Amino acid sequence: MDDERDSHTSKRVMPLICGECDGGPVVQLQQGGRILIRCEACGARLFSYYLDPQRREDEGEPPAESDPLFVRQVERELLRQVGQPAQALYEYLRRFMSRYGYAPTLREMQREMRWRSVNTVRYHLERLESAGLIERDYATARGIRLVLAA
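Residues numbered from 1 in each chain as written. Predicted model: local features only at pLDDT ≥ 70, side-chain atom pairs only at ≥ 80, totals over all residues. Heavy atoms only, no water.

Asker: If you had to explain the pattern of salt bridges to someone new, which residues and values would you point to?
Answerer: Under the counting rule described, the total for this entry stands at nine salt bridges. When salt bridges with common partners are traced through the structure, they connect Arg34, Arg45, Glu61 and Asp67 into a single cluster. (Salt bridge = Lys/Arg side-chain N within 4 Å of Asp/Glu carboxyl O.)

Asker: Requested: an account of the sheet that holds strand S3 (residues 34-39), with residues and values cited.
Answerer: Backbone-to-backbone hydrogen bonds pair the strands of a sheet. The strands run either parallel or antiparallel. Spatial strand order, S1-S2-S3-S4: four strands in an open sheet with antiparallel pairing. The strands lining the two open edges of the sheet, one partner per strand, are strand S1 (9-14) and strand S4 (45-50). Strand-to-strand, the axes of this sheet are offset by a mean angle of 15 degrees, without reference to chain direction. As paired strands, strand S2 (residues 26-31) and S3 are joined by six bridges and run antiparallel to one another. Note on S3: the bridge partner recorded for Leu29 is Leu36. Contacts from helix H3 (residues 67-79) reach S1, S2, S3 and S4, with the element oriented near 75 degrees to S2. (Pairing = 2+ DSSP bridges. Helix = DSSP H or I, 4+ residues; strand = E, 2+ residues; numbered from the N terminus. Axes fitted to C-alpha atoms, helices over the stretch in contact; angles between N-to-C directions. Contact = heavy atoms within 4.5 Å.)

Asker: Describe the packing of H3 against helix H4 (residues 84-100), listing the residues and the values that go with them.
Answerer: Interaxial distance between H3 and H4 falls to 10 Å at its minimum, and their mutual angle equals 145 degrees. Between H3, through Arg72, Glu75 and Leu79, and H4, the contact on the second element is made entirely by Gln87, Tyr90, Glu91 and Arg94. A per-class count over the contact of H3 with H4 returns two nonpolar, one polar and four charged. (Nonpolar A, V, L, I, M, F, W, Y, C, P; charged D, E, K, R; others polar.)

In structure tokens, the structure reads:
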């Protein structure tokens, strides 16, 4: 039973407002025995702790320096929930958005991935969205946001 809990990885949006930027979304990331609550808009660490009371007593709060590594670990675990094509699309989105600051168009994604149809792009974007890796704003062009990217 403990092995199942230790391998559990999740991301959950919480109905909170960040005290640093008065925005959000605020998310709870959990992997194994650690929980991190942070604002996705400004990246502020709001709360972090170990689930194991003994570890909390011995080590206190997890070090803030380890937060980016922890977030990347959660991201990798969530990526394992989607297929290889969706993983490749996600990595392309990360590279593109870090370089340009905005998301590529569906056609740009189709060309980059060498897929025959834009519907294939939509399908894999839906997989990434259901895994909690991206959020989409269907009312705007290029309305994709990487949830866990720092």
